[in-house]
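One-letter residues, chain by chain:
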Amino acid sequence: MRLLNAILFLLLSNYSFAWDCAGMYQNVEKFCSASQNQCIGLAGCIERRTKCNFNHKASSNCEQINHCMESYETEIDELVGRSRNAFHTFCNYNWSDQHEQCENQNEAYDMVTMFCPGRMRLVSDRDKEFNCEGPKKTLRRYIAKCNEVLNDYKNKCGYHAQAVPEYYGKCKELEMNVPTPDSGHAAHAEVNDSDRGEIKPVIANSESDSNVVSADKK
């Protein structure tokens, strides 16, 4: 009887442990998927700034930046057959006399602002130098949270751990820099998505990005 009780206890304990690991895996998916969405946003920011590489500290260039960004989006629309909606029209550049530079002054802090270099208003990680360093700062926070829950999952679950995508907790765009202003307007390079799964940054949409969660939430 004691042997039977011991076996039952081990089975129930193992089942409970596996159930906890399943929950932890869902937590990994939640936070690491959020970091991948941020990586997509950074890639989009770098592409747009590389394509529209006007000097943002010249007031006469603000209109050119707006026109270039719109032309870029139209090019992508035609390339991938995207039906544009409000999600893709949030980059709104105006000259700021206070900061003496062109700024993206969209008031909404959502997925859209990650695609726009030069974000300023109501955004904690501002991109003052128009070089996508603001999105990089945000992304580093998200990746730190992803790796925290990922390492906890691997350490505690052992052989119960499900395989996770290799690109979780990574984003090669963190090591990329945008060119200096007015250095040219060559066509944007093709983005390799090996570190971001199969999602292409230029065709991300509001539906796929609607489940993003803050890295600050537990």
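The preceding data block contains the structure.
Numbering of residues starts from 1 in every chain and runs along the sequence as written. With the structure being a predicted model, the display of local features is reserved for residues of pLDDT at least 70 and the display and counting of side-chain atom pairs for 80 or more, all residues being used for whole-chain, interface and lining totals. Hydrogens and waters are ignored; side-chain quantities use all the structure's heavy atoms.

Topic: the overall build of the protein
Let me state the cut-off plainly: Helix and strand assignments follow DSSP, with helices taken as H or I runs no shorter than four residues and strands as E runs no shorter than two, numbered in order from the N terminus. Residue burial is assigned from relative accessible area. The probe radius is 1.4 Å, only protein chains are included, and a residue is buried under 20% of its type maximum, exposed over 50%, and partly exposed in between. The contact rule is simple, with two residues in contact once any of their heavy atoms fall within 4.5 Å.
Across its full length, the protein holds four helices and two strands. Each helix (α) and strand (β) of the protein, taken in turn from the N terminus, gives the series α-α-β-β-α-α. Counting across all 218 residues of the protein, residues that qualify as buried make up 42%. Expressed as a percentage of contacts within the protein between residues at least 6 apart in sequence, the contacts between residues at least 24 apart total 67%.

Looking at the state of the cysteines
Defined simply, a disulfide is a covalent bond joining two cysteines at their sulfur atoms. The line we're drawing: Put simply, a disulfide is two cysteine sulfurs that come within 2.5 Å.
Summed over all chains, the structure comprises six disulfides. One disulfide bridge connects C39 with C171, the sulfur atoms lying 2.0 Å from each other. Taking the torsion about the sulfur-sulfur bond, which here is approximately 85 degrees, the covalent link between C39 and C171 counts as right-handed. Of this pair, C39 sits in helix α1 (residues 2-51) while C171 sits in the segment after α4 (133-157), and the two are 132 residues apart along the sequence. Here C39 and C171 have matching classes, each one buried.

A word on the nonpolar core
As a rule of thumb, soluble globular proteins bury nonpolar side chains together. Our working rule: Grouping buried Ala, Val, Leu, Ile, Met, Phe, Trp, Tyr and Cys residues that are joined through side-chain atoms within 4.5 Å yields what is termed a nonpolar core.
With 12 residues, the main nonpolar core is built from C21, Y25, V28, F31, C32, C146, V149, L150, Y153, C157, V164 and Y168. Residue assignment for this core shows that the elements contributing at least two residues are α1 and α4. Apart from the residues lying within four places of it in its own chain, the contact partners of C146 are F31, C32, S35, Y168 and G169.

Section: unusual backbone geometry
A negative phi holds for most residues other than glycine; trans holds for most peptide bonds. Backbone geometry places E100, a non-glycine residue, at a positive phi of 55 degrees. On the basis of relative accessibility, which here comes to 56%, the residue E100 falls in the exposed class. In the Ramachandran plot, C132 falls in the positive-phi region, its phi being about 70 degrees despite a non-glycine side chain. Locating C132 in the fold gives a position in the loop between α3 (111-114) and α4.

Focus: the pattern of salt bridges
We apply this condition: One side-chain nitrogen of Lys or Arg within 4 Å of one carboxyl oxygen of Asp or Glu is enough to make a salt bridge.
For the structure shown, the criterion picks out eight salt bridges. The network of salt bridges with shared partners includes D125, K137 and R141.

Looking at helix α2 (residues 62-80)
The condition that has to hold: One fewer than the residue count of a helix, multiplied by 1.5 Å, yields its expected span.
Taking 1.5 Å per residue as the helical rise, α2 with its 19 residues ought to reach 27 Å, and the 27 Å between its terminal C-alpha atoms agrees with that figure. Those residues of α2 lying buried are C62, I65, C68, M69, Y72, E73, I76 and D77. Remark: G81 follows α2 within two positions and exhibits a positive phi of approximately 70 degrees.

Things to note about the pairing of strand β1 (residues 93-96)
To keep things clear, this is the line we draw: Any two strands between which DSSP finds at least two bridges are classified as paired.
Pairing between β1 and strand β2 (residues 101-104): four bridges, direction antiparallel. Each bridged residue has a counterpart across the sheet, and for Y93 the counterpart in β2 is N104. Where β1 folds back on β2, the antiparallel hairpin that results is connected by four residues, among which E100 adopts a positive phi of roughly 55 degrees.

Let's talk about the packing of aromatic side chains
The test is simple: Only the six-membered ring of Trp is used, alongside the rings of Phe and Tyr, when aromatic pairs are assigned; centres must lie within 6.5 Å, and planes under 30 degrees apart are stacked while those over 60 apart are edge-to-face, with the rest tilted.
Under the counting rule described, the total for this entry stands at three aromatic pairs. Note on Y25 and Y153: the rings are 5.7 Å apart at their centroids and 55 degrees apart in plane angle, and the pair reads as tilted. Of this pair, Y25 sits in helix α1 while Y153 sits in helix α4, and the two are 128 residues apart along the sequence. Of the two residues, Y25 and Y153, both sit in the buried class. Ring centres of Y167 and Y168 lie 5.6 Å apart, and the angle between their planes is 90 degrees; this geometry places the pair in the edge-to-face category. Looking at Y167, the relative accessible area reads 24%, which means it is partly exposed. We classify Y168 as buried; its relative accessible area is 10%.

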